[in-house]
Amino acid sequence: MEIEINLAEPEKRKVSQFEELPFGKIFTPHMFIMKYEENKGWHSPKIQPFSNIELHPAAIVLHYSQTVFEGLKAYYGIDGKIRLFRVWDHIARLNRSAERLCIPQVDPEFVFKAIKTLILIDKDWIPKKKGSALYIRPLIFATQPNLGLKISSEYLFIIILSPVGAYYKEGFNPVKIYVTTEYIRACPGGTGEVKTGGNYAASLKAQELAQKKGYTQVLWLDAKEKKYVEEVGSMNIFFYFDNELATPALTGSILPGITRDSVLKLAPQLGIPTKERRISIDEIIESIENKTLKECFGTGTAAVISPVGEICYKDKSYIINEGKTGELTRKLFEYITGIQYGEKEDPFNWTVIVED
Ligand SMILES: *Cc1c(COP(=O)(O)O)cnc(C)c1O
């Protein structure tokens, strides 16, 4: 399929200079858009000036949340080359999410071509400072007008780009997290392991409560026993015990993060064995108290690694590593970002250089 390209006016294409780049509020001048109709399949792919879209008020997505998305980044390297990090894994996950939501599959090669073409058109919008990047947000949603609950016969696939600044403006500082025993993020057989809007809408209440109590993120427990740790906010979570870096095993209600997978593969390269297993909240509290838990951090594309310095469980607060960022946490952050910006060797060939 050929992508029809319709460029924005030169005036609109000029790169704006921003003092600060708040996450996800600034967009580049172009977007990718493609339609799906039952009898035609995916068709009419276009790159066009960024604009609002028109939706029928009865579009299925607005009522029944039939939608999926991805989040990945393009980095401006120290060699001046543009790199995508694990783009094929993100595209594969987009299709897995789509499958779960009864949304038609997209051709991975074609999605790669769409991302590449779009970022090359807006390449001047990739911020150059280390730590900043171009956030890429592909999304697919159901557009058929129908108030009856059914699988949509029409969809839109859109890709938008947002330049984002370094996540850590005031330094690589640990966050405080709140264990919710009241709310649940995801349950077995549900949609927790895919990126679909409803999961996030359902998590807002607990997040609001945690923030009211002075915490940044929610630590989610499993739905059945409210005993095992699953994720933190919209990140995966790692615990560094005496010489073992552990993360909850994928149970079906945990999002299989690509940063999670990167940490699982890179830590052994630093001489640290990793383990995917069940981790109970009681084990965490006990290991904080007897000082066998050395470090704790969350992982995700936006922050890469987010150190955790405090956990609140049943209204009691527990401090990890004196509330400071640990050495392994810092090393892993530097290793992954080093690969993303082309400073460090990429042992698993995760980066793809994008060139005209
Ligand atoms: C996206 C996401 C993650 C992190 O995944 P990455 O691929 O590392 O960005 C973790 N948990 C949830 C719920 C997510 O939506």
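No experiment lies behind these values; they were computed from the predicted model shown.

Turning next to the domain arrangement of the protein chain. Domain annotation of the protein chain identifies domain 1 (4-164) and domain 2 (175-340). In this structure, domain 1 and domain 2 have C-alpha centres spaced 28 Å apart. Taken together, the contact pairs 21 residues of domain 1 with 21 residues of domain 2. Of the roughly 1,800 Å² buried between domain 1 and domain 2 on both sides combined, carbon and sulfur atoms contribute 58%. Contact with domain 2 buries area across many residues of domain 1, yet F69, F85 and R93 alone supply 31% of it, more than any other trio. Linking domain 1 to domain 2 there are 1 salt bridge. Where domain 1 packs against domain 2, one counts 12 residue pairs in polar contact (both at pLDDT 80 or more). Per-element accounting of the side of domain 1 that touches domain 2 gives the leading share, 6 residues, to helix α3 (residues 87-100). Here the residues of the side of domain 1 that touches domain 2 sort into 7 nonpolar, 5 polar and 9 charged.

Relative to the elements of secondary structure, I288 occurs in helix α8 (residues 281-289). We classify I288 as buried; its relative accessible area is 11%. Between the C-alpha atom of I288 and that of I311, which follows or precedes it by 23 residues, the distance is 9.6 Å. When residues no more than four places from it in sequence are discounted, the contact partners of I288 are L293, I311, Y318, I319 and I320.

Parameters and conventions
- Residues numbered from 1 in each chain as written.
- Predicted model: local features only at pLDDT ≥ 70, side-chain atom pairs only at ≥ 80, totals over all residues.
- Heavy atoms only, no water.
- Domains from an automatic or database assignment.
- Contact = heavy atoms within 4.5 Å.
- Buried area = accessible area lost by both parts, 1.4 Å probe.
- Salt bridge = Lys/Arg side-chain N within 4 Å of Asp/Glu carboxyl O.
- Polar contact = N/O pair within 3.5 Å; in protein donor to acceptor, adjacent residues only side chain to side chain.
- Helix = DSSP H or I, 4+ residues; strand = E, 2+ residues; numbered from the N terminus.
- Nonpolar A, V, L, I, M, F, W, Y, C, P; charged D, E, K, R; others polar.
- Buried < 20%, exposed > 50% of the residue type's maximum accessible area, 1.4 Å probe, protein only.

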